[in-house]
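Structural overview
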Amino acid sequence: MKQFKLNNLFFALAIATVFSSCSKDNSISPELREDGPGLFILSEGLFNANNSSLTYYNVGANVTVADKFSVRNGRGLGDTGNDIGVYGSKMYIVVNASNTVEVVDSRSAISLKQIPFVNGATGRQPRYIVFDKNKAYVSSYDGTVAVIDTTSLAIEKYITVGRNPERMAIANGKLYVANSGGLDYPNYDNTVSVVDLNSLTESKKITVTANPRGVYADQYGDVYILSSGDYASVLPAMAIIDSKTDAVTKTIANFSAAGMSINGDNAYITGSVYDTDFNAVPFVKVFNVKTEIVTNEQFITDQTVIANPYGVNVNPATGDVFVTDAKDYKTNGTVFCFGSNGVKKYSLTTGINPNTVVFVNK
Amino acid sequence: MSFTAMGQTAPRKSLKEVKIEGQTVTKQTVTPAQKVSAADFKRTASNNVADAIRNLSGVNIKDYGGIGGLKTVSVRSLGANHTGVFYDGIPMNDAQNGQVDLGRLSLNNLEEIVLYNGQPDVLLLPARAYASASILLVKPSKPVVTYEKPTQVTVGFKTGSFGLFEPMLQVNQLISSKWSFKANAYNTHANGRYKYQVEGDGSTDKIDRKNTDINAFQTDAAIYYADRDSSNFSFRANYYKSERGLPGAVVFYNDYAAQRLWNEDIFVQSGYEKKWRNSMQLLLSTKLSQSYTRYLDPDHLNIQGELDQRYKQKEYYLSAAVSGRPFDGLEVSYAADGAVNQLKTNLYQFAYPTRLTVLQVLAGKYTTGRSKFQANLLHTSVSEWVDEGAAAPPRSVFSPTLMYSVEPFDGAGLQLRAFYKDIFRNPTFNDLYYTRIGSVNLKPEYVKQFNAGATWSKNYAGRLSYLTLTADAYYNNIKDKIIAVPNKDIFSWSMSNLGKVEVQGVDFSAKTKYQVNDRWAALLSVNYTYQHAIDKTNPQSTVYGGQIPYTPEHTGAMNAGLTNGIVGVYFNHILSSHRYYLSENLPVYEVPGFSVSDASFTWMFKLSGLPVLSSVEVNNLFNTNYAFIRSFPMPGRSVRLSLKVTI
């Protein structure tokens, strides 16, 4: 056991345990309370502050474990946890500035492997992760997608894609990668790479609006691309690609979102629009992927106010919608859980800049 | 007496007058003033101006660690941009960042450093000396020459930890009875390496800080003219060139660092002071400066495969001040400064701003009996032009200051003082124009300062030579504080005037000298600062009412020494209570307090008849693991040897 130095994290955990102990169900064993089915929230922390954290919440037992990764491993996640995914019994956390992918047991959060993402000594800056057929695909800002075998946890290949790739999605046996070119302001990239998952090579590039970042697939084989534009003349937009033809079938102009999550026919989309005085007006709306129109501009039906919606994830098992609130990007965030009727069920305090909620349902 | 005049006195008559042990008694000034003299530099084991003032009350050092690391100060929780730095009576200005890296100001050539809260209490000053919340005067030493020995050359070097090798050369030359010359040059070469312990990544072994090398060259030459007491003139040229590695923040699991920084700065400045018999005085100051900065990230993941940013700033500065005494007890002055600042970069769609600042100040000081009243009104006008985009709108601001001091009892050595100062800092070029982040509609950041304090100082004939105590309580109110806020999304931030801060504080200092016997004297100084600096921005926010980041509530410093005039042994200790690195005052965002000791030993001797000044300085004597700024660890124990021979 490595020496444990994060005394203040212990302190935070102690507080979290004291608070949660008020209402915990004593019929559940301690092991199940802290390692049972539940949800994990990844908080980025602040750049160059090494304060990414993983908050665990056991809904049934109402037990929270703040920074569960540090508690279980005696070391921090590192700098800027950008994405998290669960595949099988393993959970993968992509840590951008630390240039690592941390693989942990999805229940205990105990480390199984830390995979360095470096090219020689230089960091590749890993960004996002998706899974398909026992492979994990990790996009990195150096213009690659790494292929990781989910059993051996070895990196088998780096697929070359476009500039500064961000999110990815899988449809029709193909991987769609958003090439943002985000480090080349104002000369952003405007393509989506299509990677054939049999040959593991890029087969084509599809042109979309500049600075694509978000990629999401629905059950009908359509892929949704969210582009941020160039912050000047090119406005944000959403493009819809038919994965059978790889053609853009529709582009919705001036469509901006911080996050999107598809569950069945409903895509939950969140973000903020800015009025003429630069005041942020946050929104959570529902887009029907079958009819391709917004069916509900105001998903939230109660008085819940989210200051700065940062990400949205739907629990496929329950249909609950989780929206993360990054507030001012400098203080601890909140995650709100809504029923599919848009009424808040509960909320939790997270670390700084909570971006993703994942579900360990069994 | 102006502080330009202080740097320009007639050649000294005898070498014997060169005091080795500095005069450390606190000045009786209307505003709180703290002085560090050349002798104190070794006593506090200091290597640059930031080190030398770290003991002072109200000073909060922001040291990014290591020999090439950025070092700035925040005085009374106001931020580095609110301290005006003057070199030989003329302001050093960075229009781009608004702060001067005090780690780059070497102590090699300095006579003393004085920090004034508010402003200096003399009237004949450039208007800019009235235009900051605090003023740091960095004063180079005068030529030390005599008629018997018109040329004096000092050679020396420093070496020690961090692979440091720093040769220096100084020439003092008497040209005529009125003209003298002094030149100084040094070259700092160091690999900067030190070991540190990463906290929180599960590691147990210390590792090397990487990419910490520095190579810096500086030369400073000045010519002085002094005509008895009626007029003084000086002309100075200063050149600085450096290249350094930037070790960056400590990032868990990735200690690779390859970013580089180059600086090349040159300035020429001149001061002229004339006194007439009718008490009229004139002070003219002028300066031309250019600073060039290049930043390179050789591994940036863009098309070019690197990020290479270049910045060039120019300043043209001219100041005229006049003062006179229309009748007994009253002194009045008027000063006007004009400055033109320009910034050029290779950033995309950069504004290429030019700023004209005109400062005018009308000041008066009235002395009656034991009381001194001083008041001034500063007017600042700022106009800007840009090559691309929109320019910031013109600004016109009036800033009043009121000061009062009284010595309630004759010969008791007690002085009471109070001041009120309303001042602001103008947004920097980065605040206004940095591509995609700057906002041209930023207002100035306003500060109201209230201070009340006392100095009690007494010289004794007995073994206790003197005892000085000072105490000041203050309240600072900052509104329209310039902070970065997100705009559109996390990739797109912008500067705004959203912050409000209230600061309540207490500064305390004590200084004494005790003559142990005929030869040995003991020196002791103690400083303490309390700062309660509270965010008052948004009552709905979780950070409302919390201590602002990187502001310890308690800081203290102690310096003790024993000297016989030939040998000196000194011990320095600083301590800081915990701080928060974020506005949320949660235990997880705490940066632990620290307690760090330094020691030094100085010895003067003769080698083949030549006077040699030698010293051994040990920083962080007990090898404490600590940091001022989180993720920027300070070095462990380090040693510096220095030797200077005067020929």
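Scoring rules and cut-offs
Residues numbered from 1 in each chain as written. Chains lettered and ligands numbered in written order. Predicted model: local features only at pLDDT ≥ 70, side-chain atom pairs only at ≥ 80, totals over all residues. Helix = DSSP H or I, 4+ residues; strand = E, 2+ residues; numbered from the N terminus. Rg over C-alpha atoms; globule rule 2.2 N^0.38 Å. Buried ≥ 20, exposed ≤ 12 C-beta atoms within 10 Å, placed from the backbone. Contact = placed C-beta atoms within 7 Å. pLDDT = per-residue confidence, 0-100. Pairing = 2+ DSSP bridges. Axes fitted to C-alpha atoms, helices over the stretch in contact; angles between N-to-C directions. Core = buried A, V, L, I, M, F, W, Y, C linked by C-beta atoms within 7 Å.

Re the overall build of chain B
Helix and strand counts for chain B stand at four helices and 33 strands. Here the C-alpha radius of gyration of chain B, 24 Å, is about what a compact globule of 647 residues would show, namely 26 Å. Overall, the C-alpha framework of chain B stretches about 65 × 60 × 45 Å when taken along its three principal axes. Counting every position in chain B, which comprises 647 residues, the buried fraction comes to 45%.

Some thoughts on the interface of chain B and chain A
Contact with chain B, which involves 34 residues of that partner, is made by 41 residues of chain A. For the side of chain B that touches chain A, the secondary-structure elements that each account for two or more residues are β24 (464–487) and β25 (489–515) of chain B. A total of three residues in the side of chain B that touches chain A trace back to one element, the largest contributor, which is β25(B).

With respect to the environment of A:D277
As for its position among the elements, A:D277 is in the loop between β23 (266–274) and β24 (280–288). On a C-alpha basis, the gap between A:D277 and A:I206 in space is 36 Å, while along the polypeptide they are 71 residues apart.

Here's the deal with the confidence of the model for chain B
All names here are of chain B. In the predicted model, chain B carries a mean pLDDT of 91, and the fraction of residues at 70 or more is 95%. Below pLDDT 50 for its whole length, residues 1–25 participates in 61 contacts with residues either more than four positions away or in separate chains. Predicted complex, confidence summary: ipTM 0.89, pTM 0.91.

With respect to the sheet that holds strand β17 (residues 201–207) of chain A
Residues and elements named next belong to chain A. A sheet is described by the order of its strands in space; here four strands give the open sequence β14-β15-β16-β17, paired in antiparallel fashion. Looking along the sheet, the strands with just one partner apiece sit at the ends: β14 (165–171) and β17. Between one strand axis and the next, the sheet turns through 25° on average, direction left out of account.

Here's the deal with the nonpolar core
A:I93, A:Y176 and A:I225 are the most contacted members of the largest nonpolar core, which has 86 residues in total. Considering each element in turn, this core owes the most residues, five residues, to strand β5 (residues 90–95) of chain A. With residues up to four places along the chain from it excluded, the contact list for A:I225 reads A:A178, A:V192, A:V208, A:P212, A:G214, A:V215, A:M238, A:A239 and A:I241. In this structure, B:L56, B:Y130, B:L359 and B:A533 belong to the second largest nonpolar core, which totals 61 residues.

Examining unusual backbone geometry
Backbone torsion omega between A:Y185 and A:P186 reads 0°, so that peptide bond is classified as cis. Structurally, the position occupied by A:P186 is in the loop between β15 (174–179) and β16 (191–196). A positive phi angle, near 65°, is found at A:A109, a position not held by glycine. One non-glycine residue, B:Y352, lies in the positive phi region at around 50°. A tally of 16 C-beta atoms within 10 Å means that B:Y352 is categorised as partly exposed.

Observations regarding the environment of B:I534
Residue and element names in this part refer to chain B. On the secondary structure map, I534 appears in strand β26 (residues 521–535). For the pair formed by I534 and V340, sequence separation is 194 residues and the distance between their alpha carbons is 36 Å. Every residue in contact with I534, bar those within four places of it in the chain, is listed here: V501, E502, G545, G546 and Q547.

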